[in-house]
Amino acid sequence: ADLRQQFASWVTHRDNRQFARNIANRMWKKMMGLGIVEPVDDFNDNNKPSNEALLEHLTNEMLRLNFDLRE
């Protein structure tokens, strides 16, 4: 259980922006039907977001809200 807690803390840490980007993209797809990055699980250098500024804004919001998806 301790290792799982450490892993969860690392994944959701504010310095791990990639996790926040992924959650923001998945929430956008759930609401709008199409992710900013498609497919939603294909974040890499060759697959750029359709709107980088929007994704960064949503990422910042995820971090500001501490991943509170209802908010």
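Quick caveat, the model's predicted, so the values are computed rather than measured.

### Describing helix H2 (residues 17–32)
With 16 residues, H2 extends 22 Å from end C-alpha to end C-alpha; this agrees with the ideal 22 Å at 1.5 Å per step. For H2, the set of buried residues is Ala-20, Arg-21, Asn-22, Ile-23, Ala-24 and Asn-25. In this structure, the buried side of H2 is in contact with helix H3 (52–64). Where H2 terminates, the next one or two residues include Gly-33, which has phi positive at roughly 90°.

### Some points on the side chain of Thr-59
Note on placement: Thr-59 falls in helix H3. Those residues in contact with Thr-59, other than ones at most four positions away along the chain, are Arg-17, Ala-20, Arg-21 and Ala-24.

### Quick notes on the nonpolar core
Ala-20, Ile-23, Ala-24, Ile-36, Val-37, Leu-55, Leu-58, Met-62, Leu-63 and Phe-67 form the largest nonpolar core, which has 10 residues in total. Counting only elements with at least two residues in this core, the list comes to H2 and H3. Non-local contacts of Ala-24, meaning those with residues more than four positions away in its chain, are made with Leu-55, Leu-58, Thr-59 and Met-62.

### Details of the environment of His-13
With respect to the secondary-structure elements, His-13 resides in the loop between helix H1 (2–11) and H2. Measuring from C-alpha to C-alpha, the distance between His-13 and Ile-36 comes to 22 Å, with 23 residues separating the pair along the chain.

What counts and what doesn't
- Residues numbered from 1 in each chain as written.
- Predicted model: local features only at pLDDT ≥ 70, side-chain atom pairs only at ≥ 80, totals over all residues.
- Heavy atoms only, no water.
- Helix = DSSP H or I, 4+ residues; strand = E, 2+ residues; numbered from the N terminus.
- Expected span 1.5 Å × (residues − 1).
- Buried < 20%, exposed > 50% of the residue type's maximum accessible area, 1.4 Å probe, protein only.
- Contact = heavy atoms within 4.5 Å.
- Core = buried A, V, L, I, M, F, W, Y, C linked by side-chain atoms within 4.5 Å.

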